[in-house]
Amino acid sequence: MNVYDSQRMLDSLSAEGFEQQNEPENADLIILNTCHIREKASEKMYSELGRLRANRRAKVVVAGCVAQAEGREILERAKNVDFVLGPQALHRLPKLLKASPDHNRAIDTDFPVETKFENWPSPVSHKASSFLTIQEGCDKFCSFCVVPYTRGSEYSRPASAVIKEARTLVEGGTKEITLLGQNVNAYNGCSGGLGGLIKALDEIDGLDRIRFTTSHPRDMSDALINAFGEVDSLMPYLHLPVQSGSDRVLERMNRRHDVEHYEKIISKIRVIRPDIAISSDFIVGHPGETEADFIETLNLANRVGFAQAYSFKYSARPGTPATDDQDQVSEQSKTERIARLQVLLGQHQKSFNEKFVGSLSKILLDRTGRLSGQLAGRSPHNQSVHVGVSPKEFFSLLGKIVLVRITKANQNSLTAELVREEEVKPPEVPV
Ligand code: 5AD
Ligand code: SF4
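Remember, predicted model here, so these are calculated numbers, not experimental data.

## Topic: the pattern of salt bridges
According to the stated counting rule, one finds 33 salt bridges in the structure shown. Arg252 is the salt-bridge partner of Asp327, the closest N and O atoms lying 2.9 Å from each other. On the criterion of sequence distance, the pair formed by Asp327 in the loop between strand S12 (308-313) and helix H14 (331-354) and Arg252 in helix H11 (residues 247-252) is long-range, its members being 75 residues apart. A salt bridge links Arg337 to Glu289, with the nearest nitrogen and oxygen atoms 2.9 Å apart. Residue Arg337 is found in helix H14, and its partner Glu289 is found in the loop between strand S11 (277-284) and helix H13 (291-304); the two are separated by 48 residues along the sequence. Connected through salt bridges with shared partners, the residues Glu289, Glu291, Glu336, Arg337 and Arg340 form a single ionic network.

This is the structure we're talking about:
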């Protein structure tokens, strides 16, 4: 979501005559768009601000969720910061710059009535794969999470605005759109919810692939599940965070779902799309988590067999209920548990990938690969795939969807070779 917001800030500043610079030493304006989800993210911001002191001329803006959470404290701790801008006030940056031509320090962490989306100019993106934020904020209040405080309450953009933005992206060359929201499946900007929006987007000519992230198990409606069987452009990949495999911990996390509910969703989707890649988020060491609870998380991982997963050590965030919980888990247990979980998740990921060796797949090549002579992209199941191409084709294939045969599976990526469409057509039978 920060990538999307940063791109839109860039678009709005381009309209004011700014140009993107890659080296901070050459910039007149430096924006750090920050994340507050775990402690490490805000620490990173302060060390980055230290490095930026070398450029005295530039105005420095701290934007995003650390700005929202720490506000004035940032101005006190980092003397080189000019503006502090919360995630819902990002569209006010051009105005703020005009109002403060010198290094006048200012802070804007309002949740304005007007939204940034309606104030930003149309997106300028020529990427084959683009993000599109359709929903922001969260009303779920999980015990560990800062999002409801930093991004505010749930808001859905009207479907008409989303469809218009999607069309503009496709006209600019986008073939794949990932719909974003903290609770993307709580989207209510049209009568059919997220499933309805996906069907409307599927009508756009030239939009070949649709994805969405991140979903909450409570908002996984049957209509959305059925969309995986009805909409060809909806890719067979679902990121559905579970956080823990223990009902006791899920209750303490205020997750509003239990393990049974989670597994029921997975079963339903697998009936409709047996090949679906399921991904998840896990937190280990939430206050109150015992070894027995953690074993239940391992058991759940074994039962589901995730295609991919992110796992984090619980990180106490100021102002969230879990921070004051007396039953904090020791750092040593967290470290030990996450290592065990990651080994298991890695094995599942590798065996998911291995099933594809020898099969055909369509890859959207959107970047250069690890080795020279390689392009890389995503499979429908969201695997990262490296494809060898000839120097002649290198640039013409960038941004295209190509047919490949998977030749090798690693834990985090696949290797593949190009297949010409004619090679897979059945041979003609002579009459
Ligand atoms: N500590 C560790 N991980 C967290 N997440 C959210 N808050 C915390 C926290 N306080 C994780 C969750 C969420 C993902 C985006 O980040 O797993 O799904
Ligand atoms: Fe945070 Fe997600 Fe829980 Fe909302 S549903 S509070 S964004 S973890």
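## What to know about the site of ligand 2
Taken together, Cys138, Lys140, Phe141, Cys142, Phe144, Cys145, Val147, Pro148, Asn183, His216 and Arg255 form the complete shell of residues around ligand 2. Here the residues of the shell around ligand 2 sort into 7 nonpolar, 2 polar and 2 charged.

## Some words on the site of ligand 1
Contacts to ligand 1 come from Ile37, Arg38, Phe144, Gln243, Asp281, Ile283, Phe312, Lys313, Tyr314, Ser315 and Arg317. Interatomic distance of 3.0 Å between a backbone N/O atom of Phe144 and a nitrogen atom of ligand 1. Within the contact set of ligand 1, a nitrogen atom lies 2.8 Å away from a backbone nitrogen or oxygen of Ser315. If you list the elements that add at least two residues to the shell around ligand 1, you get S11 and S12. For the shell around ligand 1, the class distribution of residues is 5 nonpolar, 2 polar and 4 charged.

## Concerning the layout of surface pockets
For the second largest pocket, the calculated volume is near 790 Å³. Together, 28 residues line the second largest pocket, and Leu10, Gln21, Leu29, Ile30 and Ile31 are the ones closest to its centre. Within the residue set of the lining of the second largest pocket, elements represented by two or more residues are helix H1 (2-14), strand S1 (29-34) and helix H2 (39-51).

## Looking at the environment of Lys400
With respect to the helices and strands, the residue Lys400 is situated in the loop between helix H15 (394-397) and strand S16 (401-409). For the pair Lys400 and Thr174, spaced 226 residues apart in the sequence, the C-alpha separation amounts to 10.0 Å. Beyond its immediate stretch of four places on either side in the chain, Lys400 contacts Ile363, Leu364 and Leu365. Side-chain polar atoms of Lys400 contact the backbone oxygen of Ser396, separated by 2.8 Å.

## Looking at unusual backbone geometry
Following Thr213, the chain continues into Thr214 via a peptide bond in cis, with omega recorded as 5°. By the secondary structure assignment, Thr214 is in the loop between strand S9 (209-213) and helix H10 (222-230). Even without being a glycine, Arg256 presents a positive backbone phi close to 65°. Mapped onto the secondary structure, Arg256 falls in the loop between H11 and helix H12 (259-272).

Scoring rules and cut-offs
- Here, residues in each chain are numbered from 1, in the same order as that chain's written sequence.
- Lettering for chains starts from A, numbering for ligands starts from 1, and both go in the order in which the items are written.
- Restriction of local features to residues with pLDDT of at least 70 applies here, the model being predicted, together with a cutoff of 80 or more for giving and counting side-chain atom pairs; totals for whole chains, interfaces and linings are based on all residues.
- Note: side-chain values were computed over all heavy atoms of the structure, leaving out hydrogens and water.
- Any carboxyl oxygen of Asp or Glu that lies within 4 Å of a side-chain nitrogen of Lys or Arg is treated as forming a salt bridge with it.
- Secondary structure follows DSSP: runs of H or I at least 4 residues long count as helices, runs of E at least 2 residues long count as strands, and numbering of each begins at the N terminus.
- Proximity criterion: a residue is near a molecule or strand once any of its heavy atoms comes within 4 Å of it.
- Side-chain classes are defined by residue name, with Ala, Val, Leu, Ile, Met, Phe, Trp, Tyr, Cys and Pro counting as nonpolar, Asp, Glu, Lys and Arg as charged, and the others, Gly among them, as polar.
- Under this definition, polar contacts are N or O atom pairs within 3.5 Å; protein pairs additionally need one hydrogen-donor-capable and one acceptor-capable atom, and for neighbouring residues in sequence, both atoms have to be side-chain atoms.
- Using a 1 Å grid laid over the protein atoms alone, points where a 1.4 Å probe fits but cannot get out form a cavity; open sets with protein on both sides within 12 Å along at least 5 of 7 lines form a pocket; any residue with an atom within 4 Å of a point counts as lining.
- Grid points are joined across faces, edges and corners, and a volume is the space filled by probe spheres set on the points.
- Contacts: residue pairs with any heavy atoms within 4.5 Å of one another.

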